[in-house]
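Chains, contacts and geometry: an overview
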Amino acid sequence: MAIMRKSLNIYFYSPEFLNDNHSDLIDGGIAHQYYKWASELIRQGNTVTVVVNKKGAKLNKIIFKGITVFEGDFFAFHKKIRIFLFILSFGRLYLKTGLEIFLFLKNLQKRIDIIQICSDCLLKELPSIRIPHCVRISCDIWSLFSFYYVNNSNKLLERYEKQLRSCKNIFGPSNYVANRIKNKLKLTQQIDVIETPIDINIGEEDNSFYYLLESRRYFLYFGTISRLKGCKNLADIIYKVLDKYKDLYFVLVGKQCKEGNVLLVDLIKQNAKEYRDRIIHFDKMSHNSLFPLIRGSEFCVLPSLTENFSNSCLEAMSLSKIVIGTSPFFNQIIDNGVSGFLCNSNDSNDLYLTICNVLSLPLDKRKEIENNAQKRVVSCNPQKLTNDLLNYYHRIIKEWC
């Protein structure tokens, strides 16, 4: 049973967050997730403060749409204060980092009820704090490290695993990732699953990019254009798709990554050969401009090689669009053939066959699946999921010792 109280003083510790001066975060998945949570928690009467560690940065306070954000290099923060606090506590209190000092001082100023820590932060240091806290899983870190070379990856993974094992309270949005972590680390504690909220009320939309397409028939990919997100698999099949469907265009929206020394959009165009003019790329854009492109598409394709709980998929489905996702990462969101379609991860041929399947759907079947897609997202209502999160917080606070 949830503890009855008027409000909570909540802190988020995250590797990133949105603000008006950092447009490079416009498509940051973690930043958007935490913004959604913070906005709804505040709307329900709670106080939310976001703490973002940035190496080499001076401590800076920002107010972003009513949310207080502190940015700074907390691990190099005020060594003299650390010594002062150690002396003040007669040697009983040892605060290892500036982050712990910062949280300690903020807790003295106004009691912090709970801290939510993004799992990505475990690669640096889990603060030794006596304040009730929990860790939210943001990714399958082993899959990420298997795709990208990371300096000292073994040491980082050892630290991550050690700190995750030490966490008493862990939750995340994905059943698949939660079970993978639980089994891989042989955890005895339950990993709670609370899905990510989705809210498409973004205000007035901007149709300027959509008008540039001049009523062309197209399918859409949006997000980071990388091998990890399956864009190399799209490059493998793009010629066959465009050769079979002569009036079809392929639109990509997002920042590019390289495959070897070649940008992936260039690789896709290169593989499209004589159909390269039917590949259209827009750089990352705001949701106000993106949503009209989603609505106007035949379908959206998100062939990720790993995924936690896809915001992009939820956004497209909320706009009643068919999404092609990959199994097992999208299984929790998409009921194959009912609310969207699934293909095997990292299987270019299966991706091609699934695209052909979607394009051959009768109109009535397409409409049925689009309606089911929109219905699936209803369960990701921000108010409902935030109530679930608050119940989870209250349980942690009640059981904390």
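This write-up is about the structure you can find in this document. No experiment lies behind these values; they were computed from the predicted model shown.

What counts, and at which threshold
- Residues numbered from 1 in each chain as written.
- Predicted model: local features only at pLDDT ≥ 70, side-chain atom pairs only at ≥ 80, totals over all residues.
- Heavy atoms only, no water.
- Salt bridge = Lys/Arg side-chain N within 4 Å of Asp/Glu carboxyl O.
- Helix = DSSP H or I, 4+ residues; strand = E, 2+ residues; numbered from the N terminus.
- Buried < 20%, exposed > 50% of the residue type's maximum accessible area, 1.4 Å probe, protein only.
- Core = buried A, V, L, I, M, F, W, Y, C linked by side-chain atoms within 4.5 Å.
- Contact = heavy atoms within 4.5 Å.
- Pairing = 2+ DSSP bridges.
- Phe/Tyr/Trp six-rings, centres within 6.5 Å; stacked < 30°, edge-to-face > 60°.
- Lys NZ or Arg CZ within 6 Å of the ring centre and 35° of its normal.
- Axes fitted to C-alpha atoms, helices over the stretch in contact; angles between N-to-C directions.

Digging into the pattern of salt bridges
Per the stated rule, a full pass over the model turns up 18 salt bridges. Residues Glu195 and Arg376 are paired through a salt bridge, measuring 3.1 Å at the closest nitrogen-oxygen approach. Separated by 181 residues along the polypeptide, Glu195 in the loop between strand S8 (191-193) and helix H7 (208-212) and Arg376 in helix H13 (residues 363-377) bring together distant segments of the chain. On the basis of relative accessibility, which here comes to 14%, the residue Glu195 falls in the buried class. Members of the salt-bridge network, linked through shared partners, are Arg217, Asp247, Glu298 and Arg366.

Brief notes about the nonpolar core
Within the largest apolar cluster, 130 residues are counted, with the highest numbers of intra-cluster contacts made by Phe12, Phe250 and Tyr393. Apart from residues no more than four positions distant in its own chain, Tyr393 is found in contact with Leu8, Ile10, Phe12, Leu41, Ile114, Gln116 and Cys134.

Some points on unusual backbone geometry
Cis rather than trans, the peptide bond between Ser327 and Pro328 has omega equal to 10°. Here Pro328 shows up in the loop between strand S15 (323-327) and strand S16 (341-344). Even without a glycine there, the phi angle at Lys65 is positive, about 50°. Tracing the sequence through the fold places Lys65 in the loop between strand S3 (60-64) and strand S4 (67-72). By relative accessible area, which is 62% here, Lys65 ends up exposed. For Lys273, which is not glycine, the phi torsion reads 55° and is therefore positive. Relative to the helices and strands, Lys273 is located in the loop between helix H9 (264-272) and strand S13 (279-282).

Regarding the pairing of strand S2 (residues 47-53)
Among the 7 residues of S2, 6 are classified as buried, and the element is accordingly described as predominantly covered. Both strand S1 (residues 9-14) and S2 contribute to a ladder of 6 bridges, which runs parallel. Looking at the pairing, Ser14 lines up with Val52 of S2.

Observations regarding the packing of aromatic side chains
A complete count under the given rule lists 13 aromatic pairs for this structure. Here the aromatic rings of Phe70 and Phe102 are separated by 5.1 Å at their centres, their planes lie at 65°, and the arrangement is edge-to-face. With Phe70 in strand S4 and Phe102 in helix H3 (residues 98-109), this residue pair connects regions lying 32 residues apart in the sequence. Its relative accessible area of 8% is what places Phe70 among the buried residues. Through pairs of rings, three or more aromatic residues link up here, namely Phe17, Tyr35 and Phe64. Lys168 extends its terminal NZ or CZ atom over the ring of Trp400, reaching a point 5.7 Å from the ring centre. Sitting above the plane of the Tyr239 ring, Lys273 keeps its charged end 5.1 Å from the centroid.

Examining the sheet that holds S1
Across the sheet, 8 strands lie side by side as S3-S4-S2-S1-S5-S6-S7-S8; this open sheet has mixed pairing. Both edges of this open sheet fall to S3 and S8, since each of them pairs with a single strand only. Across the sheet, the mean angle from the axis of one strand to that of its neighbour is 25°, orientation sign disregarded. Summarising the sheet, strand S7 (residues 170-172) and S8 pair through 3 bridges and their orientation is parallel. Across the sheet, Ile170 pairs through a bridge with Ile191, a residue of S8. Here helix H1 (residues 29-43) sits on the sheet and contacts S1, S2, S3, S4, strand S5 (114-118) and strand S6 (133-136); the angle it forms with S1, its principal contact strand, is near 175°. With respect to the sheet, H3 is in contact with S1, S2, S4 and S5, its orientation differing from that of S1 by roughly 170°.

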